[in-house]
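# What the coordinates show
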Amino acid sequence: MSVAKLEVRGISKAFRQAGMKQIPVLADLSFSVGDFEFVAVIGPSGCGKSTFLRIVDGLINPDSGSVLLDGVTVKGPGHGRAMVFQGFDLFPWRTAIDNVAFGLEMQDLKAADRREIAQHYINLVGLSGFEHAFPFQLSGGMQQRVGIARALAIKPSILLMDEPFGSLDVQTRELLQDELLQIWQREQKTVLFVTHSIEEAVYLADRIIVLTPRPARIDRILEVPFPRPRCEGLKATVPFAELRREIWNMLKSGVAI
């Protein structure tokens with residue numbers, strides 16, 4: 001039997017705030033992600049989605065349970081994972097191409113090789129001609145393209161995306177959704193994608209993991225039945241609306257106003 005790309009086994013996590021008892025955040029999360037699969041994680045605000053993604057990345061240790069990437073237990077930050085954040089998190093003193101090359105500097109590559117790889121991914125995300133622009137000279141969508149290129153440049157086994165389009169306007173968000181699908185199909189990466197947007201999850205993912213309110217447990221794991229490649233017109237179809245409504249009905253009892 002082949003090993004799953006990512007295995008999450010019984011992950012639980014609680015935080016303790018000053019003067020307060022422990023606050024449980026995650027409770028016994030278990031699932032697996034296949035090679036080249038695109039899986040979205042959605043749940044009520046504050047349920048622990050971002051905490052979970054940081055555990056997968058090795059930035060936070062779970063209280064119990066384990067995460068395995070390619071059959072190897074994740075015990076801290078390391079090779080094979082790359083994160084794209086909602087905040088663009090670019091170095092303001094670096095140009096676009098130098099931001100993309102940052103992760104490559106940790107791999108002891110020659111400067112010329114780093115430049116060549118970074119340029120390839122700059123081109124891939126559609127930023128040719130903006131290599132030498134600083135972040136303040138780029139729009140929000142362009143900055144997030146740099147962030148995606150930086151993550152892809154280190155050739156990770158899995159791409160972790162934490163609300164990557166959440167701070168963008170609607171038009172830019174929808175354009176980047178299509179661009180991400182094209183890049184994913186071309187690069188054949190496994191993606192774990194956290195989002196608050198039901199529509200975004202349905203449009204992008206092969207499967208959707210729906211979490212309960214905190215402490216987050218898995219409510220359901222839904223297969224997305226729509227064939228690929230997908231296009232914008234899918235969002236206007238009745239089956240798309242029905243799946244979106246089904247997920248909303250699962251979530252709305254845990255959404256606080």
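Summary of the structure given here. Please read all numbers here as calculations on a predicted model, not as lab measurements.

## Description of the sheet that holds strand 9 (residues 207-211)
With mixed pairing, 6 strands are arranged side by side in an open sheet as 6-7-8-3-9-10. Two strands in the sheet have a free side with no partner beyond their single neighbour: strand 6 (81-84) and strand 10 (218-223). Strand-to-strand twist in this sheet, taken as the mean axis angle between neighbours without regard to direction, amounts to 15°. On top of the sheet, helix 1 (residues 49-57) reaches strand 3 (38-42), strand 6, strand 7 (158-162), strand 8 (190-194) and strand 9; it is set at about 155° to strand 7, its chief contact.

## Structural notes on the sheet that holds strand 1 (residues 6-16)
Read across the open sheet, the 4 strands follow the order 2-1-4-5; overall the sheet is antiparallel. With partners counted over all chains shown, the strands left at the sheet margins are strand 2 (22-33) and strand 5 (72-73), one partner each. Across 5 bridges, the pairing between strand 1 and strand 4 (residues 64-69) is antiparallel. The residue of strand 4 that forms the bridge with Arg9 is Ser66.

## Quick word on the side chain of Thr51
Mapped onto the secondary structure, Thr51 falls in helix 1. You can call Thr51 buried: its relative accessible area is 16%. The residues touching Thr51, leaving out its near neighbours within four places in the chain, are Lys13, Phe15, Val25, Leu26 and Ile60.

## Comments concerning the pairing of strand 4
Here strand 4 runs beside strand 5; their pairing, made up of 2 bridges, is antiparallel. What sits directly across from Leu69, in strand 5, is Val72. Where strand 4 folds back onto strand 5 in an antiparallel hairpin, the turn is made up of 2 residues, including Asp70, whose phi is positive at roughly 55°.

## Let's talk about unusual backbone geometry
Of the consecutive residues Arg214 and Pro215, the connecting peptide bond is found in the cis state with omega at -5°. Locating Pro215 in the fold gives a position in the loop between strand 9 and strand 10. At Asp28, a residue that is not glycine, the phi angle is positive and equals roughly 55°. Using a relative accessible area of 56% as the deciding quantity, one classes Asp28 as exposed. For Lys155, which is not glycine, the phi torsion reads 55° and is therefore positive.

## A look at the nonpolar core
By size, the foremost hydrophobic cluster in this structure holds 56 residues, and its most contacted members are Ile208 and Ile247. Of the residues forming this core, the biggest block, 7 residues, is contributed by helix 5 (residues 140-153). With near-sequence residues (within four places) excluded, Ile247 lies in contact with Ile42, Ile198, Val202, Ile208, Val210 and Leu222. If you look at the next biggest cluster of nonpolar residues, it comprises 26 residues, including Val33, Ile55, Leu69 and Ala216.

## Observations concerning the packing of helix 4 (residues 111-124) against helix 5
At their nearest, the axes of helix 4 and helix 5 sit 9 Å apart, and the two run at 135° to each other. Our classification of the angle between helix 4 and helix 5 gives oblique. Handedness of the crossing formed by helix 4 with helix 5: right-handed. In this structure, helix 4 uses Ile117, Tyr121, Ile122 and Leu124 to contact helix 5, whose residues at the interface are Ala149, Leu152 and Ala153. Of the residues belonging to the contact of helix 4 with helix 5, the class tally is 7 nonpolar, no polar and no charged.

## As for the packing of aromatic side chains
According to the stated counting rule, one finds 8 aromatic pairs in the structure shown. Their ring planes at 55° and their centres at 6.1 Å tell us that Phe165 and Phe193 sit as a pair that is tilted. One end of the pair, Phe165, is in the loop between strand 7 and helix 6 (170-187); the other, Phe193, is in strand 8, and 28 residues separate them in sequence. An aromatic cluster is defined as three or more aromatic residues linked by ring pairs; in this entry it consists of Phe38, Phe165, Trp184 and Phe193. Geometry around Tyr203 places Lys235 over its ring, the cationic atom sitting 4.4 Å from the centre.

## What about helix 8 (residues 238-251)?
An α-helical turn contains 3.6 residues, so a residue and the one three or four places further along point in the same direction. For helix 8, which comprises 14 residues, the first-to-last C-alpha distance of 20 Å matches the rise-based estimate of 20 Å (1.5 Å per residue) to within 8%. Within helix 8, the full set of buried residues consists of Phe240, Leu243, Ile247, Met250 and Leu251. On an axial view of helix 8, the arc spanned by its buried residues comes to 100°, and they lie on one face. The inward-facing, buried residues of helix 8 contact strand 3, helix 7 (198-204), strand 9 and strand 10.

## Regarding the pattern of salt bridges
In this structure the tally under the stated criterion is 14 salt bridges. Residues Asp70 and Lys5 are paired through a salt bridge, measuring 2.9 Å at the closest nitrogen-oxygen approach. Taken together, the positions of Asp70 in the loop between strand 4 and strand 5 and Lys5 in the segment before strand 1 put the pair 65 residues apart, joining distant regions of the chain. Here Lys5 falls in the buried class, since its relative accessible area comes to 11%. We note a salt bridge from Arg220 to Glu246, for which the minimum N-O separation is 3.0 Å. With Arg220 in strand 10 and Glu246 in helix 8, the pair connects residues that are 26 residues apart, well separated along the chain. Taking relative accessible area as the criterion, Glu246 reaches 30% and is therefore assigned partly exposed. One connected set of salt bridges, linked through shared partners, spans Lys5, Asp35 and Asp70.

What counts and how
- Residues numbered from 1 in each chain as written.
- Predicted model: local features only at pLDDT ≥ 70, side-chain atom pairs only at ≥ 80, totals over all residues.
- Heavy atoms only, no water.
- Pairing = 2+ DSSP bridges.
- Helix = DSSP H or I, 4+ residues; strand = E, 2+ residues; numbered from the N terminus.
- Axes fitted to C-alpha atoms, helices over the stretch in contact; angles between N-to-C directions.
- Contact = heavy atoms within 4.5 Å.
- Buried < 20%, exposed > 50% of the residue type's maximum accessible area, 1.4 Å probe, protein only.
- Core = buried A, V, L, I, M, F, W, Y, C linked by side-chain atoms within 4.5 Å.
- Parallel < 35°, antiparallel > 145°, perpendicular 65-115°, else oblique.
- Left-handed = near helix turned anticlockwise from the far one by under 90°.
- Nonpolar A, V, L, I, M, F, W, Y, C, P; charged D, E, K, R; others polar.
- Phe/Tyr/Trp six-rings, centres within 6.5 Å; stacked < 30°, edge-to-face > 60°.
- Lys NZ or Arg CZ within 6 Å of the ring centre and 35° of its normal.
- Expected span 1.5 Å × (residues − 1).
- Arc of directions from axis to C-beta.
- Salt bridge = Lys/Arg side-chain N within 4 Å of Asp/Glu carboxyl O.

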